[in-house]
Structure formats: C-alpha cells, structure tokens
Amino acid sequence: MATRTSTTRTMSALRAPSADISAASAMPPFTLDDLASAYFDCRKSKRNSINALQFEINLERNLTELRDQLLNGTYTIGQTICFVITRPKPREVWAGQFRDRIVHHLLYNHLAPIFEPTFIADSCACIPGRGTLYAAQRLEHKIRSATQNWSQSCYYLKCDLANFFVSIDKRILRHLLLRSIAHPWWRALADRVLMHDPRQNHVLQSSPHKMALVPEHKRLSSQPPHLGLPIGNLSSQFFANIYLNELDQFVKHTLRARHYIRYVDDFVILHPDARWLNNARQRIERLLAEHLHQQLNPTKTIIQPVVRGVDFVGQVIKPWCRTTRKRTRNEAITRVQQIPAAQLRETANSYFGLLRQATHSHQNRVKLAKALMLRGKAVNVDLTKTYKGNAHG
C-alpha cells in the first residue's frame, strides 16, 4: 500500500523549466510553481486517496512530467471513473484522475481572476467565501431589506433549472468561455477540458442496479456529445458559473431585480408585487430557451409570500429565524443511527457543523446528540461535536 510522504507548499527543490522549453518560449504560459500550487489545491480533499498517495510518492518526477506534457502538447486526459451517489438523490458522478484534477485546478487558478470579477456578488458556489452559509445569510439580509425587517409584505419567485448539468450546451459555453481568454495556450487548454467527452474512456464503479436508480434523462451517458458537463470536476462547477452569469446579468441589469441570489442552478428573486415576479419568470424562460438552451423545472418554480418561509440551500428563512430544512435534519439523525461505527464520528461532526449554520439549530442538535449518545458516543456540552472515544471510555 502506498505510504504518505511529508511535503510542504514550497517547491523550490524542484528543477526549473527545461532549457528547451525556455528556448521555445520566453514566457511559458505557466511555471512549475503554478503547477505545484495547483497540486496542493487539489490534494486538500484528496490526500488519502490511492491515486493522490501514488502521485505524491514521486511528486517531483510526476509534476515535472505533467508540466512537460502540457507544454509540449502531448498531455492527454486519462480514464474517468463513473459511479452513482444516492444522497440527496441518485446522480452520476464522473471523477477524473488525480493528475487531470491538478490540470483542472491549474486552469481554474488562471481563469478565476479573469471571470470572477465579472460575476455579481449574488452568484454563489465554486467561489471562495461564497458557500451555502454565505448564500443563506445573504438571502436573509435581502428579505429583511425587502420587507423592512418583516414589517411589510413581499413575495418570492424560486426556481431551478431542469436537469441543469446534463443539459448544458457546450457549444454555447465554449463561446462564452473563449471570448474572454486572450492567450492561445490557455484557450486551447480550456477548450480541451470543456469539450472532453468522459464517456469515451471510463470505467464504471457502481452496480447496474445502482446505475438504474438515476433516471434516463438525468444521465450524462444518455446525452448527445455537445450536451452536458460531468458532475464531479472543479472545471464543471466553474464553467457552470460562467454559463449562468448570462442569467445573472439579465436579471440584474435587464429586469433590474434589486433582490436576487443564485446558488448553482437554484435562484430566488424578491419583489413586493407577485404579478411583477410572474412577468419576470416569463422573460427568464424566454432568455433561457433562446440564449442558453435551458428551461425551468416546472415542479420547482413557485411564487409565494416570504412570510411562509423561503427554502434555500438547505435552510428555511422565516421571520426572525433561519432553520435547517426538516429533511436534512431527519437524514442526519437517520444516518448516525445506521452507519458503521468507524464512520460515526466524522459523519456526526459534519452534520453538527451543517446544523450550526442555522441561527435556530439548538433543538436539532439536541436530537442529533441523543441519537449519538444512544450509540455510546460522548457529545460536548455545547452540542457542537462528538469525540473519538465513547461515553464509557
């Protein structure tokens, strides 16, 4: 089994770019330090995976080899692993090899400073500091602003896009992507990553029964070659933000919606007039159909008074409180009751962290703590974490 070696974020010991590369270009598109930074970014959540450990054993050689392949044009995208996850609902995940993920981070690190300044402040997900907590807090602030601290009536339009990732038109996305990238080498790499079809070289790691849980219309494997981004890669998340920036700009600057927020393909608009929101929905549907080849999910498109509560990014925002969605709380309790003991501490502490994001989470954390104590786990007095040992050890 591969053993983990000790590494730091400095790569000064690695050799400098080769002389032939320097001769070919006075200014290479990236340096070995850039690639090393991408590696460290990539390994943050993948350090203990077999592929990451194998890559780290010969880190200097592997990074140098990957750099040379990228610069001399011999880099090829490797085999993709396809598997199915069932929470929160069944979906395909297409995971690239570790070295390909490094390339995704390299590309992201170069493109983010180009595109992220063009994103509105209310575009969330895959942007540093703009996760689910940011989105929930920002929407709560917008509701309080639109209702004058809950003293006036207001309505919300909540939508999400139907089968979003598997229906993204890569031809449209390619145009949106390449029009803002000036350097030919980066244009070529972005195009290669975007247009790569993982179905051409992949291995299945889920049983046929589990694969069958994913509806046909939600499978990337069922789409034509020009449609769909693989869920599971950083590049797909970032490209999705570029794609839906067109929607953001339309809502903010054409519809002039003052209170709007989007998290991936879920978005909310606030307005005191429900008729205005209904008209906005119709105009958004036209924009999506004509310019992005997308459509709203009709079963998840609603207009309601905000006083009933706004369900967004796993939290429900009500007057003067923000709570965790009941389904999420119930799933947390069910999981800690059923999962193997070896996974209990890590999973439970993850749920404690999730529940704490809500302003009114004490009762939910009490229920989670009781479920843990019934399994012999000790929980701290603040109900924020459980310990490695048990209540009797």
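Data block above holds the structure.
What you are looking at is a predicted structure, and each value in this text was computed from that prediction instead of being measured. (Residues numbered from 1 in each chain as written. Predicted model: local features only at pLDDT ≥ 70, side-chain atom pairs only at ≥ 80, totals over all residues. Heavy atoms only, no water.)

Participant: Even after reading the chapter, I still don't get the pattern of salt bridges, so can you show me in this structure?
Facilitator: Side-chain pairs of opposite charge can arise where the charged atoms are in close proximity. Tallying each qualifying case throughout the model produces 17 salt bridges. For Arg87, the salt bridge identified is with Glu331, shortest N-O distance 3.9 Å. Here Arg87, found in the loop between β1 (80-85) and β2 (91-95), pairs with Glu331, found in helix α13 (residues 326-338); they are 244 residues apart in sequence, far enough to count as distant. A relative accessible area of 42% places Arg87 in the partly exposed class. Judged by its relative accessible area of 27%, Glu331 is partly exposed. Glu285 is the partner of Arg281 in a salt bridge, and the nearest nitrogen-oxygen pair spans 3.1 Å. Within this pair, Arg281 and its partner Glu285 are both found in helix α12 (residues 274-292), separated by 4 residues, close to a single helical turn. The buried category is assigned to Arg281, whose relative accessible area is 17%. The class of Glu285 is partly exposed, set by a relative accessible area of 33%. Connected through shared salt-bridge partners, Asp122, Arg138 and Lys142 make up one network. (Salt bridge = Lys/Arg side-chain N within 4 Å of Asp/Glu carboxyl O. Helix = DSSP H or I, 4+ residues; strand = E, 2+ residues; numbered from the N terminus. Buried < 20%, exposed > 50% of the residue type's maximum accessible area, 1.4 Å probe, protein only.)

Participant: It is not clear to me how the sheet that holds strand β7 (residues 266-271) should be interpreted in this structure. Could you clarify?
Facilitator: Two pairing modes exist for strands in a sheet, parallel and antiparallel, and in both the strands are linked by backbone hydrogen bonds. Here 5 strands make up an open sheet; going across it, the order is β3-β6-β7-β4-β8 and the pairing mixed. For this open sheet the edge positions go to β3 (123-124) and β8 (302-305), each flanked by a neighbour on one side alone. Two strands pair when backbone bridges link them, and strand β6 (residues 259-263) and β7 are joined in this way by 5 bridges, in the antiparallel orientation. Note on β7: the bridge partner recorded for Tyr260 is Ile269. (Pairing = 2+ DSSP bridges.)

Participant: Is there a simple way to think about α13 in this case?
Facilitator: The α-helix advances 3.6 residues per turn, and as a result positions three or four apart in sequence lie on the same side. For α13, spanning 13 residues, the distance from its first C-alpha to its last is 18 Å, which sits close to the expected 18 Å at 1.5 Å a residue. Among all positions in α13, only Thr328, Arg329, Ala332, Ile333, Arg335 and Val336 are buried. Axial view of α13: buried residues confined to an arc of 165 degrees, hence all on one face. In α13, the exposed positions that point more than 90 degrees away from the buried face belong to Lys326, Arg327 and Gln338. Taken together, the buried residues of α13 touch β11 (321-324), α14 (341-356) and α15 (362-373). (Expected span 1.5 Å × (residues − 1). Arc of directions from axis to C-beta. Contact = heavy atoms within 4.5 Å.)

Participant: In this structure, what is going on with the nonpolar core? I would like to understand it.
Facilitator: The tendency in soluble globular proteins is for nonpolar side chains to be buried as a group. Counting 68 residues, the largest nonpolar core has Leu70 and Phe239 as the members making the most contacts within it. Counting residues per element, this core draws most heavily on helix α11 (residues 234-254), which supplies 10 residues. Each residue touching Leu70, except ones within four places of it in the same chain, is listed here: Phe30, Leu35, Tyr75, Val103, Leu106, Trp185 and Leu189. Counting 17 residues, the second largest nonpolar core, distinct from the first, contains Ala136, Leu139, Ile143 and Ile261. (Core = buried A, V, L, I, M, F, W, Y, C linked by side-chain atoms within 4.5 Å.)

Participant: Can you help me understand the side chain of Arg101 in this one?
Facilitator: With respect to the helices and strands, Arg101 occurs in helix α5 (residues 98-115). Lacking a salt bridge, the buried Arg101 has Asp100 as its closest oppositely charged neighbour, with an N-O distance of 8.3 Å. In terms of polar contacts, Arg101 uses its side chain to reach the backbone carbonyl oxygen of Gly232, at 3.3 Å. (Lys, Arg positive; Asp, Glu negative; His and termini not counted. Polar contact = N/O pair within 3.5 Å; in protein donor to acceptor, adjacent residues only side chain to side chain.)

Participant: Which parts of the structure should I look at to understand the environment of Leu270?
Facilitator: One can find Leu270 in strand β7. Sequence separation between Leu270 and Ala257 is 13 residues, and the spatial gap between their C-alpha atoms is 7.8 Å.

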